[in-house]
Amino acid sequence: MSAWEYIRRIVAVRKCVSCRAILRYDDFDESFCPTCKLAWQSAKVENCPECYKAATECTCMPKQLSSAGALTLRRLFFYSPKRENEPQNKLIYFLKHHKNARASRFVASQLAKLIPSELDTLGIDKSELLVVNIPRGRTAVLNYGFDQAAEISRELAKILGASYLPVIRRRRGGREQKKLSAVERKKNIKDSTYIKESDKERVSGRYILLVDDIVTTGASMSVSLAHLRRAGAKGVICLAVASDLKKEIEK
Ligand SMILES: [Zn+2]
Ligand SMILES: [Zn+2]
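Quick caveat, the model's predicted, so the values are computed rather than measured. (Residues numbered from 1 in each chain as written. Chains lettered and ligands numbered in written order. Predicted model: local features only at pLDDT ≥ 70, side-chain atom pairs only at ≥ 80, totals over all residues. Heavy atoms only, no water.)

Novice: So what exactly am I meant to see when it comes to the sheet that holds strand 6 (residues 207-215) here?
Specialist: Either a parallel or an antiparallel arrangement is found when strands of a sheet pair, and the pairing is made through backbone hydrogen bonds. If you trace the five strands from one edge of the open sheet to the other, you get 1-7-6-2-3, paired in parallel fashion. Two strands close off the open sheet at either side, each with one partner strand: strand 1 (72-79) and strand 3 (163-164). Here strand 1 pairs with strand 7 (residues 235-244) via seven bridges, running parallel. Counted as the bridge partner of Y79 is D244 from strand 7. Contacts from helix 5 (residues 101-112) reach strand 1 and strand 7, with the element oriented near 125 degrees to strand 7. Set on the sheet, helix 11 (residues 219-230) makes contact with strand 1, strand 6 and strand 7; between it and strand 6 the angle comes to about 165 degrees. (Pairing = 2+ DSSP bridges. Helix = DSSP H or I, 4+ residues; strand = E, 2+ residues; numbered from the N terminus. Contact = heavy atoms within 4.5 Å. Axes fitted to C-alpha atoms, helices over the stretch in contact; angles between N-to-C directions.)

Listed below in structure tokens is the structure:
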């Protein structure tokens, strides 16, 4: 190890992207502390109750997404609000509340690994992709100062050598999703998101990677997907850091 590398490891403090424990000297280049790393690895291979495939292999999606014409939905792990103390959920929570380049880059690098098999099936090159995020509400962006799905998407585009194009926009106003019923949610998102006329031609004829942090019922994603399809997108691959295990499965 060079003297410089030695000094860097002594001086810089790096924390686990999930539990925020300070990483030990030997784990300096890791994203997680050893405990969280183990939990992360098992979360990624947790079996889907429908198709029995590992979370990262499963392509099951909520009915709303398939009927909106999504090509597929891929995720890194299954989410359940009951498991809020598990390391993978803490990572989601951290991404939402803190703008942290290391954490977004880590998640993007993991998502990027899911893409090649999808593209092979479709016969398209990753440079042809447009990465688009589901935008966070304006109030949340004001409160937190950033949009986590945008951060992840930007990093993902960099890794893939694709373009990041945040074409889904939010109007002013709109109600907070948390307090609404499923039907109200969908209407609320529909009314509060749009694609600008001048952006439509940039989307037309392209394959899109549509990115969000958590997919629960698929309402936000299916509305954005419909906007993209109307703007002429050729196909939309949905990507989420996590998806809700129970709510999502098509019955
Ligand atoms: Zn940790
Ligand atoms: Zn499945």
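Read on for the rest.
Novice: Please explain the coordination of the zinc ion (ligand 2) as it appears in this structure.
Specialist: For a metal with four tetrahedral donors the ideal donor-metal-donor angle is 109.5 degrees, whereas six octahedral donors ideally subtend 90 or 180 degrees. Here the zinc ion (ligand 2) is held by C48 (SG), C51 (SG), C58 (SG) and C60 (SG), and the distances to it run 2.3 to 2.4 Å. Coordination at the zinc ion (ligand 2) comes from four donor atoms whose angles at the metal span 105 to 113 degrees, giving a geometry best classed as tetrahedral. Written as a sequence motif, the donor arrangement for the zinc ion (ligand 2) is C-x2-C-x6-C-x1-C. In this pair, C48 sits in the loop between helix 2 (34-44) and helix 3 (63-67) while C58 sits in the loop between helix 2 and helix 3, placing the two residues ten residues apart along the sequence. By relative accessible area, which is 0% here, C58 ends up buried. (Donors = N, O, S within 2.8 Å, 3.2 Å for Na, K, Ca; no water. Tetrahedral: all angles 85-135°; square planar, octahedral: opposite > 155°, others 65-115°. Buried < 20%, exposed > 50% of the residue type's maximum accessible area, 1.4 Å probe, protein only.)

Novice: Even after reading the chapter, I still don't get the coordination of the zinc ion (ligand 1), so can you show me in this structure?
Specialist: Here the zinc ion (ligand 1) is held by the protein donor atoms C16 (SG), C19 (SG), C33 (SG) and C36 (SG), which lie 2.3 Å from it. Motif for the zinc ion (ligand 1), donor spacing along one chain: C-x2-C-x13-C-x2-C. With a gap of 20 residues between them, C16 in the loop between helix 1 (3-11) and helix 2 and C36 in helix 2 connect regions that are remote in the sequence. For the pair formed by C16 and C36, the shared burial category is buried.

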